[in-house]
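Single-letter residue listing:
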Amino acid sequence: MGAQIAAHLANAEVPVVLFDLPAKDGDPNRIVGQAIDALRKLEPSPLASQDRVTYIDAANYSQHLDQLRDCDLIIEAIAEKMEWKDDLYRLIGPFVSPSAIVASNTSGLSIERLSQGVPETLRPRFCGVHFFNPPRYMPLVELIAARSTDPSLLDDLESWLVSRLGKSVVRALDTPNFVANRVGVFSILAVMHHTQRLGLGFDVVDSLTGPIIGRPKSATYRTADVVGLDTLAHVVKTMQDTLPDDPWHAYYRVPAWLAALIGRGALGQKTRAGIFRKDGRAIKVLDLTLQDYRDSAGAIDPTVLAILENRSPAEKFAQLRNSGHPQAQFLWAIFRDIFHYVAFHLADIADNARDLDCAMRWGFGWAQGPFESWQAAGWQTIAEAVQADIDAGRTMSQVPLPAWVFGPVAQLGVHTAQGSYSASADSYRPRSTLPVYKRQIFPERVLGEGPLMVGTTVWENAGLRLWTLPQIDQGIAILSVTTRNHTLGRDVIVGLPEAIARAEADYQGLVLWHEAPFAYGANLKEVTQAIADGEFELLEGYVADFQKASMCLKYAKLPVIAAVQGMALGGGCEFLMHATSRVIALESYIGLVEAGVGLIPAGGGCKEFAIRAAQSAAKTAGNDPFEFIQPVFMTIAMAKVSKSGVQARELGFALESDKIVLNAKELLYVALREARGRAEAGYYPRLSPRGVKVAGRTGIANCELMLANMKEGGMISAHDYAVAKAAATALCGGDIETGSLVDEQWLLTVERKLFVELLKNPKTQQRIQHMLDTGKPLRN
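As the structure is a computational prediction, the values presented were derived from the model and not from experiment. (Residues numbered from 1 in each chain as written. Predicted model: local features only at pLDDT ≥ 70, side-chain atom pairs only at ≥ 80, totals over all residues. Heavy atoms only, no water.)

### Looking at the packing of aromatic side chains
Stage number 1. Applying the stated rule across the entire model yields 26 aromatic pairs.
Stage number 2. Ring centres of F317 and W332 lie 6.4 Å apart, and the angle between their planes is 75°; this geometry places the pair in the edge-to-face category. With a gap of 15 residues between them, F317 in helix α12 (residues 313-322) and W332 in helix α13 (residues 326-349) connect regions that are remote in the sequence. Like W332, F317 is buried.
Stage number 3. Here F317 and F339 contribute two aromatic rings whose centre-to-centre distance is 5.9 Å and whose plane-to-plane angle is 55°, an arrangement assigned as tilted. Of the two residues, F317 sits in helix α12 while F339 sits in helix α13, which places them 22 residues apart along the sequence.
Stage number 4. Given the relative accessible area of 0%, F339 is considered buried.
Stage number 5. A network of ring pairs unites the aromatic residues F317, W332, F335, F339, F371, W374, W379, W404, Y421 and Y428 as a single cluster.
Stage number 6. In this arrangement the basic side chain of R612 is found over the ring face of F609, its NZ or CZ atom lying 5.7 Å from the centre.
Stage number 7. Lying across the ring of F536, K760 places its NZ or CZ 5.9 Å from the centre. (Phe/Tyr/Trp six-rings, centres within 6.5 Å; stacked < 30°, edge-to-face > 60°. Helix = DSSP H or I, 4+ residues; strand = E, 2+ residues; numbered from the N terminus. Buried < 20%, exposed > 50% of the residue type's maximum accessible area, 1.4 Å probe, protein only. Lys NZ or Arg CZ within 6 Å of the ring centre and 35° of its normal.)

### Observations concerning the pairing of strand β4 (residues 101-104)
Stage number 1. Along β4, one buried face is formed by I101 and A103 and the opposite face, lined by V102 and S104, is buried too.
Stage number 2. Of the pairings in the sheet, the one linking strand β3 (residues 73-76) to β4 comprises 4 bridges and is parallel in character. Paired with I75 across the two strands is A103, which belongs to β4.
Stage number 3. Read from β3 through helix α3 (residues 82-92) to β4, the crossover connection turns out right-handed.
Stage number 4. Note: β4 against strand β5 (residues 126-131), 3 bridges, orientation parallel. Counted as the bridge partner of A103 is C127 from β5. (Pairing = 2+ DSSP bridges. Right-handed = clockwise from strand over helix to strand, strands pointing away.)

### As for the pairing of strand β16 (residues 473-481)
Stage number 1. Judged by how many residues are buried, β16 sits mostly within the fold: 8 of 9 residues are covered.
Stage number 2. In this structure, the hairpin formed by strand β15 (residues 464-469) and β16 is closed by a connection of 3 residues.
Stage number 3. With 4 bridges connecting them, β16 and strand β17 (residues 509-512) associate as parallel partners. If you follow L479 over to β17, its bridge partner there is L512.
Stage number 4. In the classification by handedness, the crossover that spans β16, the intervening helix α18 (residues 490-506) and the parallel β17 is right-handed.

### Things to note about the sheet that holds strand β12 (residues 419-422)
Stage number 1. Strand order in this open sheet of 3 strands is β11-β12-β13, and the pairing throughout is antiparallel. Edge positions in the open sheet fall to β11 (415-416) and β13 (427-429), since each of these has one partner strand only.
Stage number 2. Strand direction decides the pairing type here: β12 and β13, joined by 3 bridges, are antiparallel. Looking across to β13, one finds that S420 is bridged to R429.
Stage number 3. Contacting β11, β12 and β13, helix α14 (residues 353-364) runs over the sheet at an angle of about 105° to β12. (Contact = heavy atoms within 4.5 Å. Axes fitted to C-alpha atoms, helices over the stretch in contact; angles between N-to-C directions.)

### Some remarks on unusual backbone geometry
Only a minority of non-glycine residues have a phi that is not negative, and only a minority of peptide bonds are not trans.
Stage number 1. Between N133 and the following residue, P134, the backbone shows a cis peptide bond with an omega angle of 0°.
Stage number 2. Within the secondary structure, P134 is located in the loop between β5 and β6 (140-145).
Stage number 3. Look at the link from A516 to P517: it is a cis peptide, with omega at 0°.
Stage number 4. If you trace the backbone, P517 turns up in the loop between β17 and α19 (524-532).
Stage number 5. Even without being glycine, A219 reaches a positive phi, approximately 50°.
Stage number 6. Looking at the secondary structure, you find A219 in the loop between α7 (202-208) and α8 (221-227).
Stage number 7. A positive phi is found at N485, a non-glycine position, where the angle reads about 55°.

See the structure below:
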């Protein structure tokens, strides 16, 4: 975990010194070196780019403690043993700068108790900072104070975590396992209890506790396997040891079957066997009745599925409670018991209901926190149903719901426009007023919290909306794609030039922004229909319009900033490439993937790379564009997609000057200011390049040499070869003499003609249809 935290700091371009024990023989840094090397191999990668690992320096406790003097933040992430942490704090104490922050990444030990092991002079600058695993991808960080912690330190650290590292911070109370693990682990234990009580299969339960109820795909038992059954058992043991008076204490223990798995070393994913096991391509699941693994099926009963598909939360919960089916009884029981648990413990573990709900969203991937689900279903009705089950002895604990549940909250809800309910203060707490949150124009809201800021619509059609935020900057317009998955259909393509013309007339800058995904590319259904009708002239006109839209972005009379997050594929990638500049969220996955459907980029993507190759070559002694075409050709031919915004720069989809933003909620704020800054600096559009030197026939031949080797080795099919050759031809400026000078329109025409010819190929048509039918590429 320490190495992965170091990796994410490196993602944010924060230099890191990673410490570990000295090796007993050989290189003293062997242990920490192995931890750093392992970062390169993990999937999903903790590194935004492989070169980020160079920001991490290896160190050991015997030789390098003096390096701590220059560190501003020291995060302890060793094993969860109090005495080991005490020893470490005593060891590093003399080397820590008086201005440094010392923080423990403990997942549940008392921060107050840990602070007693820190030298007294450092205690005001000590706190808990609990990252969730994997730290690059999980947004939650719990921030926990000891009694001696300087409050201003927490404000500064929270602001830095939010903006620099892109984290979502919850201020947790200093109780065992803090907020998310306390509630999340109880939820897992409740699921295990009711699974066994009702005799359900683990695979069935995972079908019931996954996306169908707003939980992650890994659901419950698969999550346990991923986390590690031994790790889960350790967290449960912490609750068992530290919460003896808890009304649910009898359930703070792992079931006998889970202890047996751990005993024989079946710890989950890391040992390739746990509750689930993979045999070849088959997924097997442990069956307690058989005492062996069987094929995983996990079917939800149709009557229960019908209940879950009811869009009314109130009706859904009433139907689950009244149903006699074991699956429905199971679902009501796990929701009921979690409602009971969080209501009873709210005052002890979280400042307010919003913090608890957000912790479950950000730390466990729940679509809604438990209080949100409760409020959506009708607070008073659910409260009465839960209390009735308590009175009847059907709940895991018979402790009554706290009085506040039936007080004013019953009418107002726990989440209101004024704030979220705090059981400890018996009042509603507003959101944090730290200045860093002003950078989040549209912050994540909990159900019932109140409306978001509303923009002013200037113009719209069926695929686009041009609007402004007068409260932020009335001189910068925002253009948003409004189609499903932000596909770039006819309404978007035809409407974009009009939207830009309106922005040019009335505003100083334009930001292309909407929530993720940025864009999934062209609307393949429209393309398929035109192919079926034999309308290839219409399709060529459509591509020409797409190219026109791209050129409007590139040569707009005002700065156009693409604010990118999530997927930006195919035409979406081409649009962002043509913007004046880009502000890209770290978690952006960008690529020209047309080869997957038997096509090439034709919205200006090949043209842009040909121009950039010529411009780069002109700065070298050889002035050979192919040197810069070759890596791009492989990227397009293999339909590579960046695994981060940083890697998008490496692949050429973004420029080194483009900004990478770690917190996607700040994306619009940064993009608006980027547009304003360029406008104030006197922006004017670039001139269209003339005399673009292209690689021509020699470049195409060189690409074909690579393709021939790949085809000979069975790596690509004949149609892959044909598609890749078309990409090579477009990138090299067409089948013309090497070194020829062409203009931008020539390059656009070449890629458009090649694109339409591929559309006429039956194998390309098969690929397009297969993608529409399955969502997966076809290799034919």
